[in-house]
Amino acid sequence: MSTPIKDTSSNQLNKLAELRCPVTHTLDLIGGRWKSTILYHLMSGTKRYSELRRCIPPISEKMLIQQLKELEADGLVERRVHQVVPPHTDYSLSPTGQDLTPVLNAMAMWGLKHGATVPAM
């Protein structure tokens, strides 16, 4: 049996204060190790699951599936299942996800300016 959390605890008050911060909200949606990378690759257009997997070799299948589900649930990615033989699924940025394009481009430029390197293909 878990102990109920007091509404007036400092941890709860900190969580409420974070909700008012738009930067925190944005980071909650695109933060973490893989979400911004997935979104960045989808900026170039619709991709099948296997294409995303090739774009991000270090990500595990389980993690890619989990992150795509979270991005879809948050309204940033759209998932489309094609009922053909064999069936396939593709992913694209939703209109809300497309609104992140300038943000992700700015993050990429900042990263390049401050030491990130683009891997050789």
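Refer to the structure above for everything that follows.
For clarity, every value in this text was computed on a predicted model and none was experimentally measured.

A. Representation of the packing of helix H2 (residues 22-30) against helix H3 (residues 35-42) within the structure. Taken N-terminus to C-terminus, the directions of H2 and H3 make an angle of 80°; their axes are 8 Å apart at the nearest point. Our classification of the angle between H2 and H3 gives roughly perpendicular. Contacts from Asp28, Leu29 and Ile30 of H2 reach H3 at Lys35, Ser36 and Leu39. Here the contact of H2 with H3 is composed, by residue class, of three nonpolar, one polar and two charged.

B. Structural detail: the pattern of salt bridges. Inspection of every chain in the model, using the stated rule, returns two salt bridges. Two residues, Glu70 and Lys35, come together in a salt bridge whose shortest N-O distance is 2.8 Å. Remark: Lys35 occurs in helix H3 and Glu70 occurs in helix H5 (residues 61-73); sequence separation between them is 35 residues. On the basis of relative accessibility, which here comes to 29%, the residue Glu70 falls in the partly exposed class. For Asp90, the salt bridge goes to Arg80, with nearest N and O atoms at 3.7 Å. In this pair, Asp90 is assigned in strand S3 (residues 88-93) and Arg80 in strand S2 (residues 77-82), connecting sequence segments 10 residues apart. On the accessibility criterion, Asp90 (9% relative accessible area) is buried.

C. The arrangement of the pairing of S2 in detail. In terms of strand pairing, S2 meets S3 through six bridges, oriented antiparallel. Within the sheet, the bridge partner assigned to Val77 lies in S3 and is Leu93. Hairpin connection from S2 to S3: five residues lie between these consecutive antiparallel strands.

D. Broad picture of the nonpolar core. If you look at the biggest cluster of nonpolar residues, it comprises 18 residues, and the most contacted ones within it are Ile38, Leu39, Leu42 and Leu76. Counting only elements with at least two residues in this core, the list comes to H2, H3, H5 and S3. Setting aside its immediate chain neighbours within four residues, Leu39 contacts Ile30, Leu71, Leu76, Val77, Leu93, Leu100 and Leu104.

E. Fine view of the sheet that holds S3. Pairing is antiparallel across the open sheet formed by three strands, whose spatial order is S1-S3-S2. Looking at the sheet topology across the chains shown, the edges are occupied by strand S1 (47-48) and S2. Of the pairings in the sheet, the one linking S1 to S3 comprises two bridges and is antiparallel in character. Looking at the pairing, Arg48 lines up with Asp90 of S3.

F. Structural detail: H3. Among all positions of H3, only Lys35, Ser36, Ile38, Leu39 and Leu42 are buried. End-on view of H3: buried residues confined to an arc of 160°, all on one side of the axis.

G. Spotlight on the environment of Glu61. Mapped onto the elements, Glu61 comes out in helix H5. Linking Glu61 and Ser50, residues 11 residues apart in sequence, is a C-alpha distance of 9.8 Å. Once residues within four sequence positions are removed from consideration, Glu61 is found in contact with Tyr49 and Arg53.

What counts and what doesn't
Residues numbered from 1 in each chain as written. Predicted model: local features only at pLDDT ≥ 70, side-chain atom pairs only at ≥ 80, totals over all residues. Heavy atoms only, no water. Axes fitted to C-alpha atoms, helices over the stretch in contact; angles between N-to-C directions. Helix = DSSP H or I, 4+ residues; strand = E, 2+ residues; numbered from the N terminus. Parallel < 35°, antiparallel > 145°, perpendicular 65-115°, else oblique. Contact = heavy atoms within 4.5 Å. Nonpolar A, V, L, I, M, F, W, Y, C, P; charged D, E, K, R; others polar. Salt bridge = Lys/Arg side-chain N within 4 Å of Asp/Glu carboxyl O. Buried < 20%, exposed > 50% of the residue type's maximum accessible area, 1.4 Å probe, protein only. Pairing = 2+ DSSP bridges. Core = buried A, V, L, I, M, F, W, Y, C linked by side-chain atoms within 4.5 Å. Arc of directions from axis to C-beta.

Purely geometric numbers; function is a separate question.
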